[in-house]
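Working through the structure, step by step
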Amino acid sequence: MMKDDYRLQGLRRRLVELLRTKGIVDDAVLSAIGRIPRHGFIDDTAFLEMAYQDIAFPIPCGQTISQPYTVAFQSELLGVKQGIKVLEIGTGSGYQTAVLCELGCKVFSIERHRPLYLLTKERLGRIGYRCNLYFGDGFKGLPKEGPFDRILVTCGAPWVPDDLLGQLKVGGSLVIPVGEGEEQRMLRIQRNADGTFEREDKGIFRFVPMLQDKAK
Ligand code: SAH
């Protein structure tokens, strides 16, 4: 793992305070973010300090590490508990995966870019996070490992994939940004015992697109 120092720790504490002022209230989420050296998820060491600004940042394969506020918002909305099974679609840098691991979840995550999948598998292993990473198309979910307590999509989905709804436990929920243009609506969809789904709209966000059948 990349070295951590007082300066980076100080920047990280300031980021946590900033997220609080922006409305994040879940202490477990904030303290997870306070523990994770986000600078270890940025490949260009010339930009270490950028890791603690509240901005999205380019990662390999033309993708982005989500903005810390977005990671915090989605993590809070997901409402996780220790030990539950969570499926993430769009592993990317692995930063959100690390947040879910810090929150004590049993994490499964899928990435469609093989080089990113390999890079992140190595990185999370090196830092010491134990999770289950897969290369493939997130539209299909992970039927063999489901059902899940929570599913988190971290790319902009053109629609809500039926396979993901089908892999939710009763009482479980899917957090997914939906929209085909530049912007998406952040939805939380809960599965009821009678087989119906309840949908809440939590506002506008921007993600890189979720692409179907494009695993490469
Ligand atoms: N959670 C990540 C966000 C990365 S950006 C982080 O914190 O860094 C979203 C990621 O979703 C990208 O890496 C992109 O390649 C991936 N993605 C897009 N469509 C996908 C699909 N159908 N299946 C799996 N991953 C997908």
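Shown above is the structure to which this text applies.
This write-up is about the structure you can find in this document. (Residues numbered from 1 in each chain as written. Predicted model: local features only at pLDDT ≥ 70, side-chain atom pairs only at ≥ 80, totals over all residues. Heavy atoms only, no water.)

**Points about the site of the ligand**
As a matter of local geometry, the ligand sits amid 26 residues, with S93, E111, D137, G138 and L211 nearest to it. H113 has a polar side-chain atom sitting 3.1 Å from an oxygen atom of the ligand. The backbone of G138 places a nitrogen or oxygen atom 2.8 Å from a nitrogen atom of the ligand. Of all elements in the fold, only β2 (63-65), β3 (85-89) and β4 (106-111) reach the threshold of two or more residues within the shell around the ligand. The biggest single contributor to the shell around the ligand is β2, with three residues. Its residues assigned to classes, the shell around the ligand shows 10 nonpolar, 12 polar and four charged. (Near = heavy atom within 4 Å. Polar contact = N/O pair within 3.5 Å; in protein donor to acceptor, adjacent residues only side chain to side chain. Helix = DSSP H or I, 4+ residues; strand = E, 2+ residues; numbered from the N terminus. Nonpolar A, V, L, I, M, F, W, Y, C, P; charged D, E, K, R; others polar.)

**Re the nonpolar core**
Side chains that are nonpolar tend, in soluble globular proteins, to be buried together. In terms of nonpolar packing, the biggest core is built from 45 residues, with L19, I33, V80, Y95 and V99 touching the most fellow members. Elements that contribute at least two residues to this core include exactly α1 (6-21), α2 (27-35), β1 (57-59), α3 (68-78), α4 (95-102) and α5 (114-127). Broken down by element, the residue count for this core peaks at six residues, all from α3. Setting aside residues up to four positions removed in sequence, V80 forms contacts with V86, L100, L103, C105 and R150. By size, the runner-up hydrophobic cluster in this structure holds 21 residues, among which are L87, F139, L164 and L174. (Core = buried A, V, L, I, M, F, W, Y, C linked by side-chain atoms within 4.5 Å. Buried < 20%, exposed > 50% of the residue type's maximum accessible area, 1.4 Å probe, protein only. Contact = heavy atoms within 4.5 Å.)

**Side note on the pattern of salt bridges**
Close approach of charged atoms allows side chains of opposite charge to pair. Throughout the structure, instances matching the rule amount to 17 salt bridges. Of the charged contacts, one joins R20 and E17 as a salt bridge, the two residues approaching to 3.6 Å between their closest N and O atoms. With R20 and E17 both in helix α1 and three residues apart, the pair spans about one turn of that helix. Between D54 and K22 there is a salt bridge; the shortest N-O distance is 2.6 Å. Remark: K22 occurs in the loop between α1 and α2 and D54 occurs in the loop between α2 and β1; sequence separation between them is 32 residues. Residue class for K22 comes out partly exposed when judged on its relative accessible area of 38%. Through salt bridges with shared partners, one network takes in E17, R20 and D27. (Salt bridge = Lys/Arg side-chain N within 4 Å of Asp/Glu carboxyl O.)

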